[in-house]
Each structure stands twice: as structure tokens, then as C-alpha cells.
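Each chain, letter by letter, is given below.
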Amino acid sequence: AVGAFNAGVIIWRGVTPFIVTLAMMAIASGAALTISGGKPIGGISGTYAWLGAGSIGPIPVPVIIMLAAFSLGGLVLRFTPYGRQVYAVGGNEEAARLSGIPVNQVKLITYMISNMSAALGAIIFSARVTVGDPWAGRGLELDAIASVVLGGTSLFGGVGSLWGTLLGALIMSMVNNLLNLLSVSPYTQGI
């Protein structure tokens, strides 16, 4: 629903996507703080907690979910008409429209998939830490953008791949882990 709302504001009101998604992030954060009273909600257990900390054999469940999501997304982007339309709209929206691509429909579906993916990530994250914390994840949006850019995706659209993004995320994780292993102060790591 949030993705559909964002897409609607972007498509039919003509508001810049960055502004809409930034505003929605602030609204969602404020809603989380209001609903929780600013306090973590603990006691996550059972199947929900298994999503974040369980394993199937030696492979952690979050890794399985991530690989499944990346595989499905990669296949859709590479081998379906919708995937080609996403790249076309990202590369040149007007040319895509003139080619007969239903640009607004592609944007709507893409924003909805993006928000479903964010929700899945939030579910796994909260299951992993076994707490619903309204302050969790603050600042991670910049790491996400850096991972995408490191993976070769253009911020101007039309270029990139999910597997490149995964590689960018792995690089960011390795750098963060290396800083921890080298005992670099958490306060200095931001520099």
C-alpha cells in the first residue's frame, strides 16, 4: 500500500521521486515511534524469530531468503517483458512511453515491489534482533545507496543489476567488518 501511495503521488501529482520517498520514510519512522511510544517491543520468538536466526542445515534462513529474492528478481528483470520495461523506463521515460510501454503501470508495480522488499528486509531484521525497535535501521539508507552504486547501478536510471547490487552490499559489509576487526572506534568508522 505504501508503494502504491508513493507511486500515485509521483505519477499523478508529478512530485520528484526522491522527495516522495524521503517524506514517506519520515512519515513511516514517525508512525513507528508513535505506535510504539518510542520504546522497543521485545519478546519476538517462535517462527518469526526463526526467520532471522534459524537455519536450514548449515545455511541461515536470511541467506536463503536473500538468495531466493535475488534469484527471482534477477530472472524477472532479465527474462521478462516487465524487466525490460523497467530498464527502458529507467533509461528514458519519454522514449519508453513513445514505444508503447505503459510507463505509469511499470512505475506503480516497481514501487510496490520495492516497498514489499523493504518490508521483507524489516521483518528479517526485526526477527534477527528479536526486537521491534522503532529506532532500528536509522542511517542504513545511505549504506543501501552506496551498495547499489558500488554494484554499478546508475543513479540516473537504466543501468544496473541485482547481482551487482549484491556484490556492492558484500563489499560494504566486508569494509564494515574489517573496520571492526581492526578495532577502529565505532565513532571513527563513519569518517
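This structure is a prediction, so every number in the text was calculated from the model and none was measured.

**Student:** Which parts of the structure should I look at to understand the pattern of salt bridges?
**Tutor:** Opposite charge on two side chains lets them pair, provided their charged atoms get close. Taken as a whole and assessed by the stated rule, the structure comprises 3 salt bridges. For Glu 93, the salt bridge goes to Lys 107, with nearest N and O atoms at 3.0 Å. Here Lys 107 lies in helix H7 (residues 103-129) and Glu 93 lies in helix H6 (residues 93-98), a separation of 14 residues in the sequence. For Glu 93, a relative accessible area of 29% corresponds to the partly exposed category. Classification of Lys 107 by relative accessible area gives buried; the value is 16%. Of the charged contacts, one joins Glu 94 and Arg 97 as a salt bridge, the two residues approaching to 3.7 Å between their closest N and O atoms.

**Student:** I would appreciate a short explanation of helix H2 (residues 17-36) in the present structure.
**Tutor:** Three- or four-residue spacings in an α-helix give side chains the same orientation, since the helix completes a turn every 3.6 residues. Here H2 contains 20 residues, and its C-alpha end-to-end distance of 28 Å stays within 8% of the 28 Å for a straight helix at 1.5 Å per residue. Summarising the contacts, the buried residues of H2 are in contact with helix H1 (2-13). Immediately downstream of H2, the backbone of Gly 37 shows phi near 70 degrees, a positive value.

**Student:** What exactly am I supposed to notice about a nonpolar patch on the surface here?
**Tutor:** A grouping of Ile 59, Val 63, Met 66, Leu 67 and Trp 163 is seen on the molecular surface, where their side chains present a nonpolar patch of about 400 Å² in accessible area. No other element matches the 3 residues that helix H4 (residues 61-79) contributes to the nonpolar patch. Summarising the element assignment, Val 63 is placed in helix H4. Taking relative accessible area as the criterion, Val 63 reaches 33% and is therefore assigned partly exposed.

Procedures and definitions
- Residues numbered from 1 in each chain as written.
- Predicted model: local features only at pLDDT ≥ 70, side-chain atom pairs only at ≥ 80, totals over all residues.
- Heavy atoms only, no water.
- Salt bridge = Lys/Arg side-chain N within 4 Å of Asp/Glu carboxyl O.
- Helix = DSSP H or I, 4+ residues; strand = E, 2+ residues; numbered from the N terminus.
- Buried < 20%, exposed > 50% of the residue type's maximum accessible area, 1.4 Å probe, protein only.
- Expected span 1.5 Å × (residues − 1).
- Contact = heavy atoms within 4.5 Å.
- Patch = residues over 30% accessible without salt bridge, like charges linked within 9 Å, V, L, I, M, F, W, Y side chains within 5 Å.
- Areas by Shrake-Rupley, 256 points an atom, 1.4 Å probe, with all protein chains shown as cover.

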